[in-house]
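# Structure at a glance
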Amino acid sequence: FDTPVGRCALVWTVAGVTGLLLPSRSVSATRAQLVSRHPDAIEAGPPPAIAAVMALVVALLRGEPVDLSAVLLDLQSVPPFHRQVYEVARTIPRGATLTYGEVAARVGVPGSARAVGQALGRNPVPVIVPCHRVLAAGGRIGGFSAPGGAATKQRLLAIEGHAGPGGLFAGDSPLPFEATVAVDHLREVDARMRRLVDRVGPLGLQVEPAQSLFAALAESIVYQQLNGRAAATIFGRLRALFPRGRHGFRPELVLRVPEDALRAAGLSQAKRLALQDLARRCAGGELPTIAEAALLDDETLVERLTLVRGIGRWTVEMLLIFRLGRPDVLPVDDYGVRKGFAAAYGRPDLPSRDELRARGARWAPFRTAASWYLWRAADAPPS
């Protein structure tokens, strides 16, 4: 069944839901995983009770405050200890978290945090049993067995408005991934990068969560090919057309503004057309909301957002890095990244996109952090 983040699968018996699969990289991969886990299942249309569960899952993945704790489950094939863990996990409300150790204590087996983690790693009904709301000690994200791993877990938390300590909605310098882990990884896998990291110092990437996808992309359109001060002036004039402030800056209202008013704000013809196309697509539901975007993978977002006039891959990559805080983005078309690579790796010329992409493979899954360090190398005066 379709959801805002892709095609999911639900498996049920007469007693209740026995399996839920979140989207894999493709529909065929999800189907193959379903067949592997439930080889005796047959494909059928859902009865009303199951259709209601599907509707709740869709609503949750859209960011709505729904409660799945009353959904009937059939977990007869699950070990008793695992069922106890799942019962505790189902009591964690939306927006809250527990640690593996806290779940172990509530199950009545203190000190069994590792066993709790193993049980949650085998959760057959993610989201319904919200194992994404269980974190490692110290607020670390911990593991996640669904497709996408910890990144999917972070996105589920983000859509619920809680990413844990140091997460997308916490702290003065929010990051949805652990900076020290990213830096240690870069230093370990690449000697040249290690020297750059040691020279530059701690990761200083700043992420500013977007109020809406429309507002973030509209700002990107205005800022294209302009210096910061000029772009800020034009964007300020554009926002001033909507006296209700942030809540008034909506695609439906932008579509009602006369073209001469947009020109008077300083928008060029190309940017005016791009902004209007963005507004039309957002108002028509063609583009995801910011909550839905939080659960889509990077390439899917690139594919969907580059349909907008004036929005290219680089613009979406900047959104992924600076607004959504994705940990593994390497903008190989970015001049600053290529210039920084040449400086850090002692090259007289800029690397090709393929060269940069090949070298960057070793930086995964923290290519965003590598990009930040390469930008710092590009900014550094020549030695």
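In this text the structure is predicted, and so the values were computed from the model without any measurement.

### Regarding the overall build of the protein
- Along its length, the protein carries 19 helices and six strands.
- The C-alpha radius of gyration computed for the protein amounts to 23 Å, which stays within 12% of the reference 21 Å derived for 383 residues, consistent with globular compactness.
- Viewed in the frame of its principal axes, the protein has a C-alpha envelope of about 65 × 55 × 35 Å.
- Counting over 383 residues, the protein shows a buried share of 48%.
- In the protein, the proportion of contacts linking residues at least 24 apart, taken out of those at least 6 apart, comes to 62%.
- Roughly 18,500 Å² of accessible area belongs to the protein as shown, and the carbon and sulfur atoms make up 53% of that amount.
- For the protein, the separation between the mean place of its 46 positive charges and that of its 35 negative charges on side chains is 3 Å.

### Remarks on unusual backbone geometry
- The residue after Ala364, namely Pro365, is reached through a cis peptide bond having omega 5°.
- Residue position: Pro365 is located in the loop between α18 (353-360) and α19 (367-379).
- Of note in the backbone geometry, Val127 takes a positive phi value of approximately 80° without being a glycine.
- Of note, the phi angle at Gln225 is positive, near 60°, even though the residue is not glycine.
- Topologically, Gln225 is positioned in the loop between α9 (213-223) and α10 (228-240).

### Structural notes on the confidence of the model for the protein
- Residues at a pLDDT of 70 or more form 93% of the protein, whose mean pLDDT is 87.
- When the criterion is pLDDT under 50, residues 163-173 qualifies, and its contacts beyond four places in sequence or with other chains add up to 25 contacts.

### Some points on the state of the cysteines
- Taken as a whole and assessed by the stated rule, the structure comprises zero disulfides.
- No disulfide involves Cys131; its sulfur sits 13 Å from that of Cys8, the nearest cysteine.
- With a relative accessible area of 4%, Cys131 lands in the buried category.

### Section: the pairing of strand β3 (residues 9-13)
- In this sheet, strand β4 (residues 16-21) lies alongside β3 in antiparallel orientation, the contact comprising five bridges. Looking at the pairing, Thr13 lines up with Gly16 of β4.
- Here β3 folds back onto β4, and the loop between the two strands holds two residues.

### Details of the pattern of salt bridges
- What the rule picks out here adds up to 20 salt bridges.
- Between Asp190 and Arg359 there is a salt bridge, and its shortest N-O distance comes to 2.9 Å. Highlighted residues: Asp190 in the loop between α7 (179-189) and α8 (191-200) and Arg359 in helix α18, separated in sequence by 169 residues.
- Owing to a relative accessible area of 23%, Arg359 belongs among the partly exposed residues under this scheme.
- In this structure, the salt-bridge partner of Glu252 is Arg250, at a minimum N-O distance of 4.0 Å.
- Taken together, the salt bridges that share partners define one network made up of Glu259, Arg263 and Arg272.

### Brief notes about the side chain of Thr30
- Its place among the elements puts Thr30 in helix α1 (residues 27-37).
- Among all residues touching Thr30, those that are not within four sequence positions of it are Arg7, Ala9, Leu21, Leu22, Pro23 and Ser24.

### Considering helix α5 (residues 113-121)
- Residues Val116, Ala119 and Leu120 constitute the buried set of α5. With its buried residues spanning 95° around the axis, α5 presents them on a single face.
- In this structure, the buried residues of α5 make contact with α3 (80-89), α4 (100-107) and β6 (134-135).

### Re the side chain of Ser371
- Within the secondary structure, Ser371 is located in helix α19.
- Under the relative-accessibility criterion, Ser371 is labelled buried at 0%.

### A closer look at the packing of α4 against α5
- One way to put it is that α4 packs onto α5 with a least axis distance of 8 Å and a crossing angle of 95°. Classified by the interaxial angle, the pair formed by α4 and α5 is roughly perpendicular. Residues Tyr100, Gly101, Val103 and Ala104 of α4 pack against Ala113, Val116, Gly117 and Leu120 of α5.
- Per-class residue counts for the contact of α4 with α5 are six nonpolar, two polar and no charged.

### What about the packing of helix α17 (residues 335-344) against α19?
- α19 packs onto α17 with a crossing angle of 75° between their chain directions and a minimal axis gap of 7 Å. In terms of orientation, α17 and α19 fall into the roughly perpendicular class. On α19, the residues that touch Gly336, Val337, Lys339, Gly340, Phe341, Ala343 and Ala344 of α17 are Ser371, Leu374, Trp375, Ala377 and Ala378.
- Looking at side-chain class alone, the contact of α17 with α19 contains eight nonpolar, three polar and one charged residues.

### Brief notes about the packing of aromatic side chains
- One pass over the full model with this rule turns up four aromatic pairs.
- Relative to Trp363, the ring of Phe341 lies with its centre 6.4 Å away and its plane at 55°, an arrangement referred to as tilted. Of this pair, Phe341 sits in helix α17 while Trp363 sits in the loop between α18 and α19, and the two are 22 residues apart along the sequence.
- What makes Phe341 buried here is its relative accessible area of 6%.
- Accessibility expressed as a relative area gives 0% for Trp363, which makes it buried.
- With a centroid separation of 4.9 Å and 85° between ring planes, the pair formed by Trp372 and Tyr373 is classed as edge-to-face.

Reading the values: the criteria
Residues numbered from 1 in each chain as written. Predicted model: local features only at pLDDT ≥ 70, side-chain atom pairs only at ≥ 80, totals over all residues. Heavy atoms only, no water. Helix = DSSP H or I, 4+ residues; strand = E, 2+ residues; numbered from the N terminus. Rg over C-alpha atoms; globule rule 2.2 N^0.38 Å. Buried < 20%, exposed > 50% of the residue type's maximum accessible area, 1.4 Å probe, protein only. Contact = heavy atoms within 4.5 Å. Areas by Shrake-Rupley, 256 points an atom, 1.4 Å probe, with all protein chains shown as cover. Lys, Arg positive; Asp, Glu negative; His and termini not counted. Charge placed at Lys NZ, Arg CZ, Asp CG, Glu CD. pLDDT = per-residue confidence, 0-100. Disulfide = S-S within 2.5 Å. Pairing = 2+ DSSP bridges. Salt bridge = Lys/Arg side-chain N within 4 Å of Asp/Glu carboxyl O. Arc of directions from axis to C-beta. Axes fitted to C-alpha atoms, helices over the stretch in contact; angles between N-to-C directions. Parallel < 35°, antiparallel > 145°, perpendicular 65-115°, else oblique. Nonpolar A, V, L, I, M, F, W, Y, C, P; charged D, E, K, R; others polar. Phe/Tyr/Trp six-rings, centres within 6.5 Å; stacked < 30°, edge-to-face > 60°.

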